[in-house]
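Given next are the chains, with one letter for each unit.
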Amino acid sequence: MVKSAPKIDQRTATEITEQLQELLLEYAPTWQEFEVDPVTGKRLPKKGSISAALIGTFARFAEIIIERLNQVPDKNFLAFLDLLGASRLPPQAARTPLTFSLAAGSTVDVVVPVGTQVAAPPAEGEKDPVIFETEAELVVTAAQLTSVFVQEPQQDTWSDRTGWLTTGTATAGFVFHGDAGVEHSLYLACDDLFTLPVAKTVTLTIQSEEAQRLAGLPLTWSYWDGKDWQPLSVSNIAENNQNWQVSIPNFPVPIKQIINGVEASWLKVALNQSLIFGSPPLPKIQGITTRVSVTQSNLLPDLGFTNSSPLDLTKDFFPFGENPRLSDTLYLASQEVLAKAGARVTVNIALNETVPVNSENEVELAFDTWDGKAWQPLLVTPSSLATAKFSQSGSITFTLPNQIGLGEVNGKNNYWIRVRIVRGNYGTGTSSQPPTFTTLRQEIRENTEQIIVNSSRGFMPGDRIQIATGTNTQEVRTIGVVNTSNNSLTLTEALQSPHPVGTGVWLISNTLSPPLLKSLTLSYTYNATQSLSACQTYNNFTYIQQKEQPFIPFESLTESHPSLYLGFTLPQNRSNFPNRPLSLFGEHLTFAISRNA
């Protein structure tokens, strides 16, 4: 557009009239044909007077002269162009962009032929409309332009320019310039291990021929919490150039999310550097395995039964009942501990040491677990032989087999182990008989045959007694002589261990005395290694399920030059894109594109 020349004189007729009135007051003080404006207070010629007519006429003629004077620069400019040999363009038809739209709900494309006339409203002061004709054939399609994206491979950037489609929110921008980094990510899933609902350490072993180079990349590890990707702290160990280990302590349980049609608990590995087109490719991955390590201690079982009677495991209980017999069974269930095949499990028992356990009859207990079809025996390692009989506090450790299954015990579905009395007993009689009990009044040293107790009442020669019940120094002896005058008991065999004052002395002569547990808890260590359940890469704005190995986790864009992508949508009952040239109009640029079927 050509700029207009500046005006030499910018005054109008109104301004000239005001100047004449001011000059009249100065040079003709006797002039009386005026009136005072009540608003501005200025003196104005009286309406209808000769002065008003003369002043108005003079102001108008002066305005006409000023308008012609202001055209002098344009005339001089035209004279200058004449000297250069330039001339004005001949008259041309007016051109304007037109937008054709389909009727609401239409799904059929319409062709607007060349020369189609369109009428514009008449200009001001005219009666006839302005007629325009289309210059080329136009396809009015039901396909709608809904997305605009820019990709700049040389910078590894992109931009969402969909806002250009909405006039009210459109912002100016460079067509082929990206303002955000392109995402390059690796998504890993191993649901069996990632979803374990306990504190755990997850270790990924990544096999690559360039493991050290892969480990040196700037990566961000994160998991999905249901709202956003949350970062994880990891430690990298590249033992050699073949294996790269990534350890993630306190790995949380990722919320399941659908990515590329696959629902899983995903671990995301994002590359934090640009991949410029044409740069050397990053290392390939030959394989990935996942290992989890879990250690939990002092967990209370979910359920417990003695035969068919439920147990309250939060207080003292008889594991085999108060009158245990052969084949009586203790059942223990734990969803967390006993469901993990191959876990190393420890049963921790603490006896109520105020109640002695009769273990003279060589009690033998058997441990089994349910594999989903049958009870399978467990090979146990007790902290002592007495602990294996539940006659002394301690621990019993075993390894769960590779096959574990849910089982029903007394109407309860869970993962179970059982402990059975398979030989011997805990004495005869009834446990309702009141126990005879006293404590040492004097300290006993090693190889002592006589002990001094606080009361010898109820003890007779020939009775068997138990000293330091439930401890590592527990001993069973037979009474030879009872002296009630000084409350001494002479034993038929000397005691082997020293015992302090206050140690309990129990009468156990052939009475039933089953174990009474103060607490029973479970501890376990679980280590498992599995292959990934799903693996996907996200590069070039595309997810790829990596079912075959090796694969490249991070790749640059496939385009070599900046590109503009236009995304169209079709009506619901349309599946074919029109095989015709389409026209697009932009505020500053016009594109013509076509798509062949």
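Higher on the page you've got the structure.
Attention here is on the structure that accompanies the text. Bear in mind the structure is a predicted one, so any value in this text is a computation, not a measurement.

## Here we look at the overall build of the protein
Across its full length, the protein holds six helices and 42 strands. Radius of gyration (C-alpha) of the protein: 50 Å, far over the 25 Å computed for a compact globule of 597 residues. With the C-alpha coordinates of the protein rotated into their principal frame, the extents come out at 160 × 75 × 50 Å. When the 597 residues of the protein are sorted by exposure, 38% land in the buried category. Taking the intrachain contacts of the protein between residues at least 6 apart in sequence as the baseline, contacts between residues at least 24 apart amount to 70%. Here the protein holds 41 positive side-chain charges and 55 negative ones, and the gap between their average locations is 3 Å.

## Side note on the packing of helix H1 (residues 13-27) against helix H2 (residues 50-70)
Helices that pack against each other are described as a pair by the angle of their axes relative to one another and the distance between those axes. Orientation of H1 relative to H2, taken along the N-to-C sense of each, is 130°, at an axis distance of 8 Å. By the criterion of interaxial angle, the relationship of H1 to H2 is oblique. When you trace H1 past H2, the crossing you get is right-handed. Counting all contacts with H1, which are made through Ala-13, Ile-16, Thr-17, Leu-20 and Leu-24, the residues of H2 involved are Ile-55, Phe-58, Ala-59, Ala-62, Glu-63 and Ile-66. Classifying every residue of the contact of H1 with H2 by side-chain character gives nine nonpolar, one polar and one charged.

## Things to note about H1
With 15 residues, H1 extends 21 Å between its outermost C-alpha atoms, agreeing within 8% with the 21 Å of an ideal straight helix rising 1.5 Å per residue. What H1 keeps buried is the set Ala-13, Ile-16, Leu-20 and Gln-21. Each buried residue of H1 sits inside an arc of 140° when the element is viewed along its axis, so together they form one side. Those residues of H1 that are exposed and angled more than 90 degrees off the buried face are Thr-14, Glu-22 and Glu-26. On the buried face of H1, the contacting elements are strand E2 (43-45) and H2.

## What about the pairing of strand E36 (residues 504-507)?
Here E36 shows no split at all, with Gly-504 and Trp-506 on one side and Val-505 and Leu-507 on the other all buried. As paired elements, strand E31 (residues 437-439) and E36 share three bridges and run antiparallel to each other. Its bridge partner being in E36, Thr-438 is matched across the sheet by Val-505. Looking at chain direction, strand E33 (residues 464-467) and E36 are connected through three bridges and run antiparallel. Bridge pairing in E36 links Gln-466 to Trp-506.

## Side note on the sheet that holds strand E24 (residues 364-370)
Whenever strands of a sheet pair, they do so through backbone hydrogen bonds, lying parallel or antiparallel. Pairing is antiparallel in the open sheet, where six strands are placed in the order E21-E20-E22-E30-E24-E25. Two strands bound the open sheet, and with one partner strand each, they are strand E21 (309-310) and strand E25 (375-377). Note: strand E20 (residues 303-306) against strand E22 (residues 329-333), four bridges, orientation antiparallel. Note on E22: the bridge partner recorded for Thr-306 is Leu-330.

## Considerations on the sheet that holds strand E8 (residues 157-160)
With antiparallel pairing, the four strands of this open sheet are ordered in space as E9-E8-E7-E40. Each edge of the sheet is formed by a strand with only one pairing partner; in this case those strands are strand E9 (180-181) and strand E40 (563-569). When strand E7 (residues 144-152) meets E40, the two strands line up antiparallel, connected through seven bridges. Of the residues in E40, the one forming a bridge with Gln-144 is Thr-569.

## Examining the packing of aromatic side chains
Counted by the stated rule, this structure contains 15 aromatic pairs. Relative to Trp-244, the ring of Trp-221 lies with its centre 6.2 Å away and its plane at 70°, an arrangement referred to as edge-to-face. One end of the pair, Trp-221, is in strand E12 (residues 219-224); the other, Trp-244, is in strand E15 (residues 243-248), with 23 residues separating them in the sequence. Residue Trp-221 shares its accessibility class with Trp-244, and that shared class is buried. Taken together, Tyr-187, Trp-224, Trp-229, Trp-266, Tyr-538 and Tyr-543 form an aromatic cluster joined through their ring pairs.

## Details of the pairing of E7
If a strand is regular, its side chains alternate between the two faces of the sheet. One ladder, built from four bridges, connects E7 with E8; its direction is antiparallel. Each residue of the ladder has a partner; that of Gln-151, found in E8, is Trp-158. Between E7 and the antiparallel strand that follows it, E8, lie four residues; Asp-156 among them carries a positive phi value of about 55°.

## Considering the pattern of salt bridges
Following the criterion strictly, the structure yields 10 salt bridges and no others. One salt bridge in this structure joins Lys-268 and Glu-183, with 3.5 Å as the shortest N-O distance. You can see Lys-268 sitting in strand E18 (residues 266-271) and its partner Glu-183 sitting in the loop between E9 and strand E10 (185-189), a full 85 residues away along the chain. Taking the relative accessible area as the measure of exposure, Glu-183 reaches 29% and is therefore partly exposed. With a shortest N-O distance of 3.1 Å, Arg-423 and Glu-364 are connected by a salt bridge. Here the residue Arg-423 occupies a position in strand E30 (residues 416-423), and Glu-364 occupies one in strand E24, the gap between them amounting to 59 residues. Overall, the relative accessible area of 36% leaves Glu-364 in the partly exposed class. The structure contains a network of salt bridges with shared partners spanning Asp-368, Arg-418 and Arg-420.

## Here's the deal with helix H3 (residues 72-84)
Relative to the 18 Å expected for 13 residues at 1.5 Å per residue, H3 spans 19 Å between its end C-alpha atoms, a close match to the ideal helical length. At the C-terminal side of H3, Gly-85 shows a positive phi close to 85°.

## Thoughts on the nonpolar core
Core analysis: the largest hydrophobic core is formed by 71 residues, its most contacted members being Trp-221 and Phe-390. Other than its neighbours up to four places away in sequence, Trp-221 contacts Leu-204, Gln-230, Pro-231, Leu-232, Val-234, Trp-244, Val-246, Ile-248, Leu-267, Lys-268 and Val-269. One finds Ile-451, Val-453, Leu-489 and Leu-491 within the second-largest nonpolar core, a separate group that totals 14 residues.

## What about the side chain of Gln-546?
Mapping Gln-546 onto the fold places it in the loop between strand E39 (542-545) and E40. At 2.9 Å, the side chain of Gln-546 and the side chain of Thr-537 are in polar contact.

## Here we look at the environment of Gln-10
Here Gln-10 shows up in the segment before H1. The class for Gln-10 is exposed, based on a relative accessible area of 62%. Along the sequence, Gln-10 and Asn-70 sit 60 residues apart, while their C-alpha atoms lie 8.4 Å from each other.

## Considering empty space enclosed by the protein
Inspection of every chain in the model, using the stated rule, returns one cavity of 30 Å³ or more. Considering only enclosed or pocket space, the largest cavity measures out at about 50 Å³ in volume. Lining the largest cavity are Leu-186, Leu-188, Ile-206, Leu-214, Leu-219, Trp-221, Trp-244, Val-269, Ile-285, Pro-553 and Phe-554. For the lining of the largest cavity, the elements supplying multiple residues, two or more each, are E10 and E12.

Rules used throughout
Counting restarts for each chain: residues are numbered from 1 in the order of the written sequence. Only residues with pLDDT of 70 or above have their local features reported here, since the model is predicted, and side-chain atom pairs are shown and tallied only from 80 upward, although totals for entire chains, interfaces and linings are computed over all residues. Think of the side-chain values as coming from all heavy atoms in the structure, minus any hydrogens and water. Every helix listed is a DSSP run of H or I at least four residues long, and every strand listed is a run of E at least two residues long, numbered separately from the N terminus. In this setup the radius of gyration rests on C-alpha atoms only. A globule is expected at 2.2 Å times the number of residues raised to 0.38. Any residue under 20% of the maximum accessible area for its type is buried, any over 50% is exposed, and the rest in between are partly exposed; the area is computed with a 1.4 Å probe on protein chains only. Whether two residues are in contact is decided by their heavy atoms: any pair within 4.5 Å suffices. The charge count treats Lys and Arg as positive and Asp and Glu as negative. His and the chain ends do not count. All charge positions are set by atom: Lys at NZ, Arg at CZ, Asp at CG, Glu at CD. Here, axes are lines fitted to C-alpha atoms. For helices the fit covers the stretch in contact, and angles between N-to-C directions go from 0 to 180 degrees. To sort the angles, those under 35 degrees are grouped as roughly parallel, those over 145 as roughly antiparallel, those from 65 to 115 as roughly perpendicular, and the leftovers as oblique. Put simply, a crossing is left-handed when the front helix is turned counterclockwise from the back one by less than a right angle, and right-handed when it is turned clockwise. Residues were grouped as follows: Ala, Val, Leu, Ile, Met, Phe, Trp, Tyr, Cys and Pro as nonpolar; Asp, Glu, Lys and Arg as charged; and all remaining residues, including Gly, as polar. A helix is expected to span 1.5 Å multiplied by its residue count minus one. For this quantity, the arc is that covered by the directions from the helix axis to the C-beta atoms. At least two bridges found by DSSP between two strands is the condition for calling them paired. Between the rings of Phe, Tyr and Trp (Trp by its six-membered ring), a pair exists once the centres lie within 6.5 Å; its type follows the angle of the planes, with under 30 degrees stacked, over 60 edge-to-face, and the other angles tilted. What makes a salt bridge here is a side-chain nitrogen of Lys or Arg within 4 Å of a carboxyl oxygen of Asp or Glu, nothing more. The term nonpolar core refers to a set of buried residues drawn from Ala, Val, Leu, Ile, Met, Phe, Trp, Tyr and Cys, joined through side-chain atoms within 4.5 Å. For this analysis, a polar contact is any N or O atom pair within 3.5 Å, provided that within protein one partner can donate a hydrogen and the other can accept it, and provided that sequence-adjacent residues contribute only side-chain to side-chain pairs. Computed over the protein atoms alone on a 1 Å grid, cavities are sets of points where a 1.4 Å probe fits but cannot get out and pockets are open sets with protein on both sides within 12 Å along at least five of seven lines; a residue lines them when it has an atom within 4 Å of a point. Grid points are joined across faces, edges and corners, and a volume is the space filled by probe spheres set on the points.

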